Amino acid sequence: MLEYIPIQKILFLDIETVPACASYDDLSDMFKLLWDKKAGQLQRMKDENLSSKEMYAQAGIYAEFGKIICISVGYFARERELRIKSFYGEDEKEILSDFSLLLNKHFNTGENLLCAHNGKEFDFPYIARRLLINGMEIPRILNTAGKKPWEINHLDTMELWKFGDYKSYASLNLLAAVFNIPTPKDDIDGSQVGEVYWKDGNLERIVQYCQKDVLTIARLFLKYRCEPILKEENIVFT
């Protein structure tokens, strides 16, 4: 059925998140207690012996303890031309405001879809939660409240690969390798984003990494439709 979806109606996206503070010591007393409790739960689940302070590097993946520093999106302006744009910076509210404006202006009809890798469990709910935390309305296409499953216009390239096998997990890098999708070999991985942001202050490097993932997601989706690989000359960064 994927081949029947108008490709121009899909917004491919990826987000990069970091802990809300540079270190555990920068947290308020209240949030130190709250993170200690969260870390304790994670320690039991993962059978780890790290202290809550040592585990704070993982805080960025939880919307209550992290923040968004980059949202990269890609859309097909023409049949085989992918345009990639990023919203990023130090001000999360500004990032979310600009992204919401894009959704409300260009991706706000029942025909539009959002597509991410593991988006249903991470990207989409994370963005929605951070919007509410920042006192902002959730755009229609992101708001799942009260909707039936078939009314939610979200695609997930990881879920699509499962084919109903919910015990499996396939990373974007793994699927890129399986489908022979070219990806840069010299950039960071997700576990390094917090350090690159807080210690190195290199936001541009994170943006490039995020944009690469959007490109890979779009190329993977085309593979799911048994279409040719998207050529470099058909990729436009705006």
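An account of the accompanying structure is given in this report.

1. Describing the environment of phenylalanine 76
Here's step 1: Looking at the secondary structure, you find phenylalanine 76 in strand S2 (residues 66-78).
Here's step 2: Phenylalanine 76 sits in the buried class, given a relative accessible area of 2%.
Here's step 3: It is 9.7 Å that separates the C-alpha atoms of phenylalanine 76 and asparagine 234, two residues lying 158 residues apart in sequence.
Here's step 4: With near-sequence residues (within four places) excluded, phenylalanine 76 lies in contact with Ile7, Gln8, Phe12, Glu81, Leu82, Ala218, Leu222 and Leu230.

2. Re the pairing of strand S1 (residues 10-19)
Here's step 1: Taking burial as the measure, the ten residues of S1 include ten buried ones, the bulk of the element.
Here's step 2: Note: S1 against strand S4 (residues 113-116), three bridges, orientation parallel. Bridge pairing links phenylalanine 12 to cysteine 115 in S4.
Here's step 3: Pairing of S1 with S2 involves eight bridges; the strand directions are antiparallel. Counted as the bridge partner of valine 18 is lysine 67 from S2.

3. Some remarks on the pattern of salt bridges
Here's step 1: Here the structure, examined in full by the defined rule, presents nine salt bridges.
Here's step 2: The residue glutamate 227 makes a salt bridge to arginine 80 at a minimum N-O spacing of 3.3 Å. In this pair, glutamate 227 is assigned in the loop between helix H8 (203-224) and strand S6 (235-237) and arginine 80 in the loop between S2 and strand S3 (81-88), connecting sequence segments 147 residues apart.
Here's step 3: The class of arginine 80 is partly exposed, set by a relative accessible area of 24%.
Here's step 4: The salt bridge involving lysine 212 is made with aspartate 213; its shortest N-O contact spans 3.2 Å. Just as lysine 212 is buried, aspartate 213 falls in that class too.
Here's step 5: Salt bridges sharing partners connect three or more residues here, namely Arg80, Arg225 and Glu227.

4. Here's the deal with the environment of arginine 225
Here's step 1: The topology assignment puts arginine 225 in the loop between H8 and S6.
Here's step 2: Once the C-alpha coordinates of arginine 225 and glutamate 3 are considered, the two residues, 222 residues apart in sequence, prove to be 5.5 Å apart.
Here's step 3: Aside from chain neighbours lying at most four places away, what touches arginine 225 is Leu2, Glu3, Ile5 and Ile7.
Here's step 4: Engagement of the side chain of arginine 225 in a polar contact is seen with the side chain of glutamate 227, the distance being 2.9 Å.

5. Details of the pairing of S3
Here's step 1: Sheet topology note: the S2/S3 ladder contains eight bridges and is antiparallel. Considered in S3, the bridge of serine 72 is made with serine 86.
Here's step 2: Connecting S2 to the next strand, S3, in antiparallel fashion are two residues.

6. Thoughts on the nonpolar core
Soluble globular proteins tend to bury their nonpolar side chains together.
Here's step 1: By size, the foremost hydrophobic cluster in this structure holds 26 residues, and its most contacted members are Ile10, Phe12, Phe76 and Phe221.
Here's step 2: Counting residues per element, the ones that place at least two in this core are S1, S3, S4, helix H6 (172-178) and H8.
Here's step 3: With eight residues, the top contributor of residues to this core is H8.
Here's step 4: Among the nonpolar cores identified, the runner-up in size contains 23 residues, and Phe99, Phe124, Leu131 and Met136 belong to it.

7. Looking at the packing of aromatic side chains
Here's step 1: Tallied over the full model, the rule gives 14 aromatic pairs.
Here's step 2: Relative to phenylalanine 179, the ring of tryptophan 161 has its centre 5.5 Å away and its plane inclined at 75 degrees; by these criteria the two rings are edge-to-face. In this pair, tryptophan 161 sits in helix H5 (residues 157-162) while phenylalanine 179 sits in the loop between H6 and helix H7 (193-200), placing the two residues 18 residues apart along the sequence.
Here's step 3: Of the residues examined, tryptophan 161 reaches a relative accessible area of 33% and is grouped as partly exposed.
Here's step 4: What links up through ring pairs into an aromatic cluster is the set Tyr24, Phe31, Trp35, Tyr56, Tyr62 and Phe65.

What counts, and where the lines are drawn
- Throughout, a residue's number is its position along its own chain's written sequence, starting from 1.
- Only residues with pLDDT of at least 70 are given local features in this predicted model, and only at 80 or more are side-chain atom pairs given and counted; all residues enter the totals for whole chains, interfaces and linings.
- No hydrogens and no water enter the side-chain calculation; it runs on all heavy atoms of the structure.
- Secondary structure follows DSSP: runs of H or I at least 4 residues long count as helices, runs of E at least 2 residues long count as strands, and numbering of each begins at the N terminus.
- Exposure is judged per residue with a 1.4 Å probe applied to protein chains only, and the accessible area is read against the type maximum: over 50% gives exposed, under 20% gives buried, and values in between give partly exposed.
- Contact between two residues is taken to exist if any of their heavy atoms lie within 4.5 Å; hydrogens are not considered.
- Strands pair, by our definition, only if DSSP identifies at least two bridges between them.
- Every case where a carboxyl oxygen of Asp or Glu lies within 4 Å of a side-chain nitrogen of Lys or Arg is listed as a salt bridge.
- Polar contacts, as counted here, are pairs of nitrogen or oxygen atoms within 3.5 Å of one another; within protein the pair requires one atom able to donate a hydrogen and one able to accept it, and residues that are adjacent in sequence qualify only if both atoms are side-chain atoms.
- Only buried Ala, Val, Leu, Ile, Met, Phe, Trp, Tyr and Cys residues count toward a nonpolar core, and they belong to the same one when joined by side-chain atoms within 4.5 Å.
- For Phe, Tyr and Trp, where Trp contributes only its six-membered ring, two rings pair if their centres lie within 6.5 Å, and the inter-plane angle classes them as stacked under 30 degrees, edge-to-face over 60, or tilted in between.

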